[in-house]
Amino acid sequence: MTGTVTQGPPPGPADRPGRPLIITEDAGLLDDLLRLCAAAGATPEVRHDVPDSGGWAAAPLVLVGDDAARRLSGAARRPGVVLVGRDQDDPDVWKRAVLIGADHVLMLPDGEAWLVDRLADVAEGIGRPALTVGVIGGRGGAGASTLACALAVTSAREGLRTLLVDADPLGGGLDVLLGGESAEGLRWPAFAASRGRVGGGALEESLPELHSLRVLSWDRGDCVAVPPPAVRAVLAAARRRGGTVVVDLPRRLDDGVAEALAQLDLVLLVVPAELRAVAAAGRVASAVGMVVRDLRVAVRGPYAPGLDDHEVARLLSLPLAGQLPVEPVLLRPQASAKAPGATGRGPLARFCAHFWERVLVESGGTR
C-alpha cells in the first residue's frame, strides 16, 4: 500500500543530488529497505535519528521507519519524505505521517515495486525526460525510416543525447541504414523478456553507438515481435535518460506498437504528395490518432497535379510539420554511402535542423 499525504511532488534527484537517507532502529525493516536499495542500485545513508540540517536537506529521498516517526516530529519540513511501515491496519499511521511532513505513506511488502522505482530514480539521477518523436509512413516506401535516421543523426550532431529506436521488425534494420549492421551491442531480442524497470544507463551503454548516437535495432534472427511490457520498459528507460528519442514505427499497429505510441510526445506522418498516398495515410492517421496526442504531417514531393503540402495537410485534417525536400536519399537511401543527414548539408538536413529547433522550443527548451 502507498498513499499520498501532501499535494506537492518531491523534487527530482537532478535538483538535489545525494544518497537516499534511511532513518530507523527497526532491524527487520532496515534489512528490507537495504535489500530494496540494492535492487535499485542505490547506496543509502543509514541513521537512527535526524542528521544535521545539511544532511537532512540534501538527501534526494528520505525513508523514515514508522518506529522513528515520533523522534522526527521536530525536524524541518522538506519534500521527498516517505514514512515506511508494515501494519496495514494501523489507523494512526497517517497522523504520524503528517507529524513529520511526509509526502507518502508506504506499507511493505505491498509498496516494494513503487519504492524500488523511486530509489532507482535517485540512483540514475533522473532529470528532464527525453523529447520522444515517432516517424511513420503514410504508405509503404514513403521514406519514414530515412527521415527517422536523419532526425536522429541531426539531433546527435547538435550535441543532444540521442537514441534511435527501430520499432519495425520487418524493416530490415536501421543499423543497416546507418552502416552499422556489424557494430557490437545488443538488439531488440535481448530485451524481449524485460519486465518492470530497465536501467536507463545500462540500456544506453549496451547498445551500438553509430554517428554519435545509440541505436536499438533488430538482428537478423527469427524474432519479429517484442511483448508490450518489454516495449514499455525499454522506452521508459530511454525517456528517463533525457535528450531525444526517435522511434521508427511500422504501419501495422499491434499491441507492441500501441505501447510505443503511448510513450511518444509527437509523431510525424510522412506522406508523398499523391492521391493514393493521401488516401492510405488517412487510414494510418485514423489509427495512430486514437493513441497519439500530437500527430503532424510531413509532406514529401514531387507533387501530383493539384496537390501541395497545405492541401495534403487539409485533406488529412492534420497540422503541417513541413515540406520534405525532393532529395534522392529519401527515394533511394541504399544508394548513399553516408547515413541520412550525416553531412549536415542539403535540404533533408536543413529540414531536420529546423524541425528540432522548433519542437525543442515548443517543449520548453534544450534537453
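Just so it is clear, the structure is predicted and the values come from calculations on it, not from any experiment.

## As for unusual backbone geometry
Logical step 1: Note that the residue after Leu 108, namely Pro 109, is joined by a cis bond; omega there is 5°.
Logical step 2: Note on placement: Pro 109 falls in the loop between strand 6 (104-107) and helix 4 (112-124).
Logical step 3: With an omega of 0°, the peptide bond between Gly 301 and Pro 302 qualifies as cis.
Logical step 4: The phi torsion at Ser 212 lies on the positive side, around 70°, for a residue other than glycine.
Logical step 5: Residue placement: Ser 212 occurs in the loop between strand 9 (209-210) and strand 10 (213-216).
Logical step 6: Look at Ser 212 and you get exposed, because its relative accessible area is 57%.

## Observations concerning the sheet that holds strand 7 (residues 131-137)
Logical step 1: As summarised here, the arrangement of the eight strands in space is 9-10-8-11-7-12-13-14, forming an open sheet in which the pairing is mixed. Two strands lie at the open edges of the sheet, namely strand 9 and strand 14 (320-324), each paired on one side alone.
Logical step 2: When strand 7 meets strand 11 (residues 244-248), the two strands line up parallel, connected through five bridges. Across the sheet, residue Val 133 finds its bridge partner in strand 11, namely Val 246.
Logical step 3: Sheet strands in contact with helix 10 (residues 275-288) are strand 7, strand 12 (266-272) and strand 13 (295-300), and its direction is about 165° off that of strand 12.

## Observations regarding the pairing of strand 7
Logical step 1: Across the seven residues of strand 7, seven count as buried, placing the element largely inside the fold.
Logical step 2: The side-chain alternation of strand 7 yields two buried faces, one formed by Leu 131, Val 133, Val 135 and Gly 137 and the other by Thr 132, Gly 134 and Ile 136.
Logical step 3: With five bridges connecting them, strand 7 and strand 12 associate as parallel partners. Residue pairing for strand 12: Val 135 is matched across the bridge by Leu 268.

## Describing the environment of Gly 201
Logical step 1: In this fold, Gly 201 is placed in helix 7 (residues 200-206).
Logical step 2: According to the relative accessible area criterion, Gly 201 is buried, its value standing at 17%.
Logical step 3: C-alpha separation for the pair Gly 201 and Arg 240, spaced 39 residues apart in sequence, amounts to 9.2 Å.
Logical step 4: Residues within four places of Gly 201 in sequence aside, it is in contact with Glu 124 and Arg 241.

## Concerning the pattern of salt bridges
Logical step 1: In the structure shown here, the tally under the stated rule is 24 salt bridges.
Logical step 2: The partner of Arg 197 in a salt bridge is Asp 117, with the nearest N and O atoms 3.7 Å apart. Placement of the pair is Arg 197 in the loop between helix 6 (174-177) and helix 7 and Asp 117 in helix 4, with a sequence separation of 80 residues.
Logical step 3: Classification of Arg 197 as partly exposed rests on a relative accessible area of 24%.
Logical step 4: Of the residues examined, Asp 117 reaches a relative accessible area of 36% and is grouped as partly exposed.
Logical step 5: The salt bridge partner of Arg 232 is Glu 259, with a shortest N-O separation of 3.1 Å.

Calculation rules
Residues numbered from 1 in each chain as written. Predicted model: local features only at pLDDT ≥ 70, side-chain atom pairs only at ≥ 80, totals over all residues. Heavy atoms only, no water. Helix = DSSP H or I, 4+ residues; strand = E, 2+ residues; numbered from the N terminus. Buried < 20%, exposed > 50% of the residue type's maximum accessible area, 1.4 Å probe, protein only. Pairing = 2+ DSSP bridges. Contact = heavy atoms within 4.5 Å. Axes fitted to C-alpha atoms, helices over the stretch in contact; angles between N-to-C directions. Salt bridge = Lys/Arg side-chain N within 4 Å of Asp/Glu carboxyl O.

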